Amino acid sequence: MNVISFASAQAGVGKSTSAILLASALARHYTVTVIDCHPKWQLMYWASEIDMDRLKFIASRGEMYIQDEIDQARRTSDFVIIDLEGMATRADVFAMGESDLVIIPFGEEERHETAVRKALAHLEREQRYLRRKIPVGFLRNQASQVVTTDMERSRSAKLLEEIDSFKTKLHFHKAYDYMEIYACGVHGLACCNQPNVDKAILDAELFAEEVLYVIRELHFANTKRDRAHVGAQVAA
């Protein structure tokens, strides 16, 4: 069905956290399979503790199997969320080639601007290799403890003019840490007596809603293009 990959050219941008937030938010209404492509399977500990009927996890066996793993998950789930190791491995390229949407998180710090430009260069090479355009959306993440300068915010605003980014900005609330502690999805945080839980849940919901909108628009554009192609063939 719908395959969404999370990729990044730099560690520490909240890629895995963003993937978990989207997966658990979607799993409230849809069946979701998460494929963990990290060599150390970083998400699997949380996966072994959580109990959500519509959410399941797969530890990927690597580049030789990733496409088959995606195909199998696609047949049994409404959404497949892939947490990639990065962007440059063969498994990353294969997974992005199977994806309906690739999401690349980034922050406002100056070092993340460099990572975004590196990601764009990766995408350009991978699109040439795959011979197709990869739909991509950049996701702004903001850690609660990070303080950005006026210059960094200005550079970030300029960067946003150059890339396709989500309108939603995902703030990394301390409340998200309790998803692992309490072995729950993002909506399970409502039962936790922790600060900013309501805002944390709302941010995740807004992100999920925007992803759903983007996916629907992509499918609509693809259907329209396919119909135009068939019409041109009939006319010929």
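Residues numbered from 1 in each chain as written. Predicted model: local features only at pLDDT ≥ 70, side-chain atom pairs only at ≥ 80, totals over all residues. Heavy atoms only, no water.

1. Points about the overall build of the protein chain
Argument step 1. Looking only at helices and strands, one finds eight helices and seven strands in the protein chain.
Argument step 2. Here the protein chain holds 236 residues, and 47% of them are scored as buried.
Argument step 3. Considering only residue pairs separated by 6 or more positions, the protein chain has 76% of its internal contacts joining residues 24 or more positions apart. (Helix = DSSP H or I, 4+ residues; strand = E, 2+ residues; numbered from the N terminus. Buried < 20%, exposed > 50% of the residue type's maximum accessible area, 1.4 Å probe, protein only. Contact = heavy atoms within 4.5 Å.)

2. A short note on empty space enclosed by the protein
Using a probe with the size of a water molecule, rolled over the atoms, empty space left in the structure can be pinpointed.
Argument step 1. This structure, assessed with the given rule, holds two cavities of 30 Å³ or more.
Argument step 2. Volume-wise, the second largest cavity comes out at about 30 Å³.
Argument step 3. Lining the second largest cavity are ten residues, and of these Ser8, Ala9, Ile104, Pro105 and Ala115 sit closest to its centre.
Argument step 4. In terms of residue count, the dominant contributor to the lining of the second largest cavity is helix α5 (residues 110-130) (four residues). (1 Å grid on protein atoms, 1.4 Å probe; cavity = no way out; pocket = protein on both sides within 12 Å on 5 of 7 lines; lining within 4 Å. Points joined across faces, edges and corners; volume = space filled by probe spheres on them.)

3. Some words on unusual backbone geometry
Argument step 1. With a phi close to 50°, Ala183 is a non-glycine residue in the positive phi region.
Argument step 2. Tracing the backbone through its elements, the reader meets Ala183 in the loop between α7 (178-181) and α8 (197-235).
Argument step 3. For Ala183, a relative accessible area of 22% gives the class partly exposed.
Argument step 4. Its identity as a non-glycine residue notwithstanding, Asn196 has a phi of 65°, on the positive side.

4. A word on the pairing of strand β2 (residues 32-36)
Argument step 1. Counting buried positions along β2 yields five of five residues, so the element is predominantly enclosed.
Argument step 2. Residues Val32, Val34 and Asp36 of β2 are buried on one face, and the alternating residues Thr33 and Ile35, pointing to the opposite face, are buried as well.
Argument step 3. As a crossover connection, the stretch from β2 through helix α2 (residues 44-49) into strand β3 (residues 55-59) is right-handed.
Argument step 4. Examined bridge by bridge, β2 and strand β4 (residues 79-83) share five bridges and lie parallel to one another. Residue Thr33 lies in a different strand from β4, and its bridge partner there is Val80. (Right-handed = clockwise from strand over helix to strand, strands pointing away. Pairing = 2+ DSSP bridges.)

5. With respect to the side chain of Ser99
Argument step 1. With respect to the helices and strands, the residue Ser99 is situated in the loop between α4 (90-97) and β5 (101-106).
Argument step 2. A distance of 2.7 Å separates a polar atom in the side chain of Ser99 from the backbone oxygen of Ala95.
Argument step 3. Residue contacts for Ser99: discarding those within four places in its chain leaves Val3, Ser5, Ile82 and Arg132. (Polar contact = N/O pair within 3.5 Å; in protein donor to acceptor, adjacent residues only side chain to side chain.)

6. Examining the pairing of β5
Argument step 1. Burial runs high along β5: six of the six residues are buried.
Argument step 2. Side chains Leu101, Ile103 and Pro105 project from β5 onto one buried face, and the interleaved Val102, Ile104 and Phe106 project onto a second face that is buried too.
Argument step 3. Direction of pairing for strand β1 (residues 2-6) relative to β5: parallel, over a ladder of three bridges. Note on β5: the bridge partner recorded for Ser5 is Val102.

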